[in-house]
Amino acid sequence: MPTYQAPIEDTLFVLNDLLRFERYSNLPGFADASPDMVEAILGEAGRITEKVLQPLNQQGDREGCRRADDGSVTTPAGFKQAYETWREGGWGSLAFDPAYGGQGLPHTLATAVGEYMSAANMAFAMYPGLTAGAIAAISSHGSDEQKSTYLPNMIEGSWTGTMNLTEPHCGTDLGLLRTKAVPQDDGSYAITGQKIFISAGEHDLAENIIHLVLARIEGAPEGVKGISLFIVPKFVLDAQGKPGARNGVVCGSLEEKMGIHGNATCVMNYDEATGYLIGEAHKGLRAMFTMMNEARLGVGVQGLAVSDVAYQNAVTYARERTQGRSLSGVKAPDKSADPIIVHPDIRRMLMTIRAINEAGRALVLWTALKGDLSHRSADAAERQAADDWMGLMTPVIKGVLTDKGFDNAVMAQQVYGGHGYIGEWGMEQFVRDARIAQIYEGANGIQALDLVGRKLGLNGGRAIQAFFAEVGQFCEENRGDERMAPITKALKKGLNDLQQATMWLMQNAMAKPDNAGAASTDYMHLFGLVALGYMWGRMAKIAEEKIAAGANGKTAFLEKKRITARFFMERLMPESAAHLARISSGADAMMALEADAF
């Protein structure tokens, strides 16, 4: 039976020591996020995720969701009660506008809580996670009336939200979208069409579900320029703003999936359902991308979360399972064999996962803080720099952390040997659940193309140049510190490889676009490697300084940081050279075969 313990100490290290959260107390919402308050919130979030959500994870996977003949969906046993506990605790309101019932706390804090929820029960966490994305879209693009009508109940949790993009013939290429919207005399629209892969599209957790639906208004231009976004509630609201008559939207079926069985992934049928336009007609993608960017960062957190819970269980197993003797001599003379954690190959897997998890957590929270600054800072230059970082890192966090999350779940499963393949241990569920994060909210190949094709050249390359300068300056500032030399030398080598790869793309991608496509995934992972390495550089410096100052009782914790940073630089950062070699090989061999030769 798998277990989970929220990584509160590590989260606090990132917030307090790496991000120095207290220095932002002058910004809206941060004043309420005092160190004591942050620790209390994380502690309670840990308690709920460990005691309420995690025990439902394996059973929810086995039981799954059930659809009745009328299209209604029942979630697994215990989910409804757990959702009520979550809602009553106000967890969905942490970072939202107090004007609509939110607590107004930093989004960075909500991101940390989101990691705990996804690690404990990824399928459950998707219900409030999709709602948060819908809230963001309505907050940014809805009218004042729409905000006052929908946001209070969605923030409070009595209503949930979804995003409806994909159609049977139309995934990433939204220009092929067919769902239509016909204007009605009262200003609403009649929405007709079918959407697939709709997470949390129908369930029994909330009294209303607010669907955000992409559709094409009759007569709109073809392609993506003719797409609009609509609010389509499951129950149309009555004159008092309460759920009234059932709308013309129903769950036609539930998808039979590889994982996340506790989340209802629905085929949604719209039959002249009443919908309300959000923002301008034909400008729906702009509004939907607000939601998608929110979701992509959330999916990156899912990759980190599944990796961490898989790691925790693999460590426990490796300490307890005895097989063979250590290559360097007996370590458990009182037993017939040594615990497998003594074996270098087991250490290789565990250290790899640990190094990625801790740097991934730092990168996620660092980026979430940039998101807070982009909205809350009074300094225009700081807002712009933070927004640049967010735009650049969104595809990296989504693509790299979910690819690594799946790889790490597989490695953690490998630690168990044959037991990892057996359902009762829970590791095969982590592998199955982790797999979807590489696919939805834009498959990772699309994230890589977004990074290479759009983000690098945006605003004349302002964001990428700022990243190069920041990492380069850190290396230069610490070049003379003997304690940091192994870290900065490896990081500088990775940065140089990334800069060379970027230059190669600039010289070879414009004339031959296939070069950009062929390089994109390697470039995304090279970028992610340097970004994670930069986080380790920062954390290693903090650890060195604190140890030199006496460590204040944290010597063991800080020593683990120091050793893990060294492992990352010695064993993982050298992969930058392989990525660069593949990037600079171009697209010729990749594209040489005719399609029918495959």
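Rules used throughout
- Residues numbered from 1 in each chain as written.
- Predicted model: local features only at pLDDT ≥ 70, side-chain atom pairs only at ≥ 80, totals over all residues.
- Heavy atoms only, no water.
- Helix = DSSP H or I, 4+ residues; strand = E, 2+ residues; numbered from the N terminus.
- Rg over C-alpha atoms; globule rule 2.2 N^0.38 Å.
- Buried < 20%, exposed > 50% of the residue type's maximum accessible area, 1.4 Å probe, protein only.
- Contact = heavy atoms within 4.5 Å.
- Expected span 1.5 Å × (residues − 1).
- 1 Å grid on protein atoms, 1.4 Å probe; cavity = no way out; pocket = protein on both sides within 12 Å on 5 of 7 lines; lining within 4 Å.
- Points joined across faces, edges and corners; volume = space filled by probe spheres on them.
- Nonpolar A, V, L, I, M, F, W, Y, C, P; charged D, E, K, R; others polar.
- Bend = angle between axes of the 7 residues up to and from the residue.
- Pairing = 2+ DSSP bridges.
- Phe/Tyr/Trp six-rings, centres within 6.5 Å; stacked < 30°, edge-to-face > 60°.
- Lys NZ or Arg CZ within 6 Å of the ring centre and 35° of its normal.
- Salt bridge = Lys/Arg side-chain N within 4 Å of Asp/Glu carboxyl O.
- Disulfide = S-S within 2.5 Å.
- Polar contact = N/O pair within 3.5 Å; in protein donor to acceptor, adjacent residues only side chain to side chain.
- Axes fitted to C-alpha atoms, helices over the stretch in contact; angles between N-to-C directions.
- Parallel < 35°, antiparallel > 145°, perpendicular 65-115°, else oblique.
- Core = buried A, V, L, I, M, F, W, Y, C linked by side-chain atoms within 4.5 Å.

J.: Looking at this structure, I do not really get the overall build of the protein. What am I missing?
T.: Counting its regular elements, the protein contains 17 helices and eleven strands. A compact globule built from 598 residues should have a C-alpha radius of gyration of about 25 Å, and the protein, at 24 Å, falls within 12% of that. C-alpha extents for the protein along the principal axes are approximately 80 × 60 × 60 Å. Scored against the burial criterion, the 598 residues of the protein give a buried share of 56%. Restricting to contacts in the protein with at least 6 residues of sequence separation, those with at least 24 account for 73%.

J.: For this particular structure, what's the right way to read helix α4 (residues 107-120)?
T.: Structurally, the α-helix is built with 3.6 residues per turn, so residues lying three or four positions apart point the same way. Across its 14 residues, α4 extends 20 Å between first and last C-alpha, which sits within 8% of the 20 Å expected from 1.5 Å per residue. Among the 14 residues of α4, eleven are classified as buried, and the element is accordingly described as predominantly covered. Where α4 is buried, its residues touch α1 (8-18), α2 (35-63), α3 (79-88), α5 (122-141), α7 (284-320) and α8 (344-376).

J.: Help me out: how do you make sense of the layout of surface pockets in this one?
T.: In this approach a probe as big as a water molecule rolls over the atoms, and the regions it shows empty are the leftover space. Taken as a whole, the second largest pocket spans an internal volume of roughly 890 Å³. For the lining of the second largest pocket, the elements supplying multiple residues, two or more each, are α1, α7, α8 and α15 (555-572). In terms of residues, the lining of the second largest pocket owes the most to one element, α8, which gives seven residues. Considered class by class, the residues forming the lining of the second largest pocket number eleven nonpolar, six polar and ten charged.

J.: I would appreciate a short explanation of the side chain of Glu358 in the present structure.
T.: Checked against the element boundaries, Glu358 lands in helix α8. Judged by relative accessible area, which is 9%, Glu358 ranks as buried. Beyond its immediate sequence surroundings of up to four residues, Glu358 is in contact with Asp10, Trp536, Met539 and Lys561.

J.: Looking at this structure, I do not really get helix α14 (residues 513-548). What am I missing?
T.: Between the first and last C-alpha of α14 there are 51 Å, a value that for 36 residues agrees with the 52 Å anticipated at 1.5 Å per step. Along α14, the helix axis deviates most sharply at Ser520, where the bend reaches about 50 degrees. Buried residues dominate α14, accounting for 26 of its 36 residues. Taken from the residues just after α14, Gly550 is the one with a positive phi, measuring 110 degrees.

J.: Please explain the pairing of strand β9 (residues 243-246) as it appears in this structure.
T.: Two faces, one strand: in a regular strand the side chains alternate between the faces of the sheet. Here two bridges tie strand β8 (residues 235-237) to β9, and the two strands are oriented antiparallel to one another. When the sheet's bridge partners are listed, Leu237 is paired in β9 with Pro243. From the end of β8 to the start of β9, which pair antiparallel, there are five residues, and Gly241 there has a positive phi angle of about 80 degrees.

J.: Would you explain the packing of aromatic side chains in this entry?
T.: When we look at a pair of aromatic rings, we describe it by the centre distance and by the angle of the planes. Taken as a whole, this structure holds 17 aromatic pairs when the rule is applied. Here Tyr416 and Trp425 contribute two aromatic rings whose centre-to-centre distance is 5.6 Å and whose plane-to-plane angle is 70 degrees, an arrangement assigned as edge-to-face. Among the aromatic side chains, those forming a connected cluster through ring pairs are Trp366, Trp389, Phe467, Phe474, Tyr523, Phe527 and Tyr534. Here the basic side chain of Arg246 rests over the ring of Phe235, its NZ or CZ set 5.6 Å away from the ring centre. Positioned above the aromatic ring of Trp389 is the side chain of Lys370, whose terminal nitrogen or guanidinium carbon lies 5.4 Å from the ring centre.

J.: Any chance you could explain the pattern of salt bridges here in plain terms?
T.: Opposite charge on two side chains permits them to pair, given that their charged atoms come into close proximity. Inspection of the entire model under this criterion finds 31 salt bridges. With its nearest N and O atoms 2.7 Å apart, the salt bridge here joins Asp10 to Arg361. Taken as a pair, Asp10 in helix α1 and Arg361 in helix α8 lie far apart in primary sequence, 351 residues in all. A relative accessible area of 8% means that Asp10 is categorised as buried. Ionic contacts of the salt-bridge type, sharing partners, join the residues Asp10, Glu115, Asp308, Arg354, Glu358, Arg361 and Lys561 into one network.

J.: Sorry, what's going on with the state of the cysteines here?
T.: Here, disulfide denotes a covalent bond that connects the sulfur atoms of two cysteines. What the rule picks out here adds up to zero disulfides. The thiol of Cys266 is unpaired, and the distance to the nearest cysteine sulfur, on Cys251, comes to 3.8 Å.

J.: What exactly am I supposed to notice about the environment of Lys234 here?
T.: Looking at where Lys234 falls in the secondary structure, it is placed in the loop between β7 (227-233) and β8. On a C-alpha basis, the gap between Lys234 and Asp144 in space is 21 Å, while along the polypeptide they are 90 residues apart. Not counting residues within four places of it along the chain, the set of residues in contact with Lys234 comprises Glu202, His203, Asn208, Ile209, His211, Ala245, Arg246, Asn247 and Val249. For Lys234, the side chain forms a polar contact with the side chain of Glu202, separated by 2.8 Å.

J.: For this particular structure, what's the right way to read the packing of α8 against α14?
T.: When two helices pack together, their arrangement is given by the angle between the helix axes and by the axis-to-axis distance. Taken N-terminus to C-terminus, the directions of α8 and α14 make an angle of 90 degrees; their axes are 9 Å apart at the nearest point. Classed by the angle they form, the pair α8 and α14 counts as roughly perpendicular. Between α8, through Ala355, Glu358, Ala359, Gly360, Ala362, Leu363 and Trp366, and α14, the contact on the second element is made entirely by Ala531, Leu532, Tyr534, Met535, Trp536, Arg538 and Met539. Within the contact of α8 with α14, the residues separate by chemical class into eleven nonpolar, one polar and two charged.

J.: What is the right way to look at the environment of Gln507 in this model?
T.: Checked against the element boundaries, Gln507 lands in helix α13 (residues 485-508). Judged by relative accessible area, which is 56%, Gln507 ranks as exposed. Between the alpha carbons of Gln507 and Pro243 there is a distance of 58 Å; along the sequence they are 264 residues apart.

J.: Even after reading the chapter, I still don't get the nonpolar core, so can you show me in this structure?
T.: Nonpolar side chains in soluble globular proteins tend to end up buried together. Phe467, Tyr523 and Phe527 are the most contacted members of the largest nonpolar core, which has 190 residues in total. When neighbours within four sequence positions are excluded, Phe527 is seen to be in contact with Leu392, Met393, Val396, Leu451, Ile464, Phe467 and Leu498.

J.: I keep staring at the environment of Arg361 and nothing clicks. Help me out?
T.: For Arg361, a relative accessible area of 2% corresponds to the buried category. Separated by 105 residues in the primary sequence, Arg361 and Glu256 place their C-alpha atoms 32 Å from one another. Among all residues touching Arg361, those that are not within four sequence positions of it are Pro7, Asp10, Thr11, Glu115, Leu304 and Asp308.

J.: I would appreciate a short explanation of the pairing of strand β11 (residues 265-278) in the present structure.
T.: Sheet analysis places strand β5 (residues 189-199) next to β11, joined by eight bridges and oriented antiparallel. Considered in β11, the bridge of Gln194 is made with Asn269. The pairing of β7 with β11 spans three bridges and is classified as antiparallel. By the bridge assignment for β11, Leu229 is matched with Ile278. Examined bridge by bridge, strand β10 (residues 249-254) and β11 share five bridges and lie antiparallel to one another.

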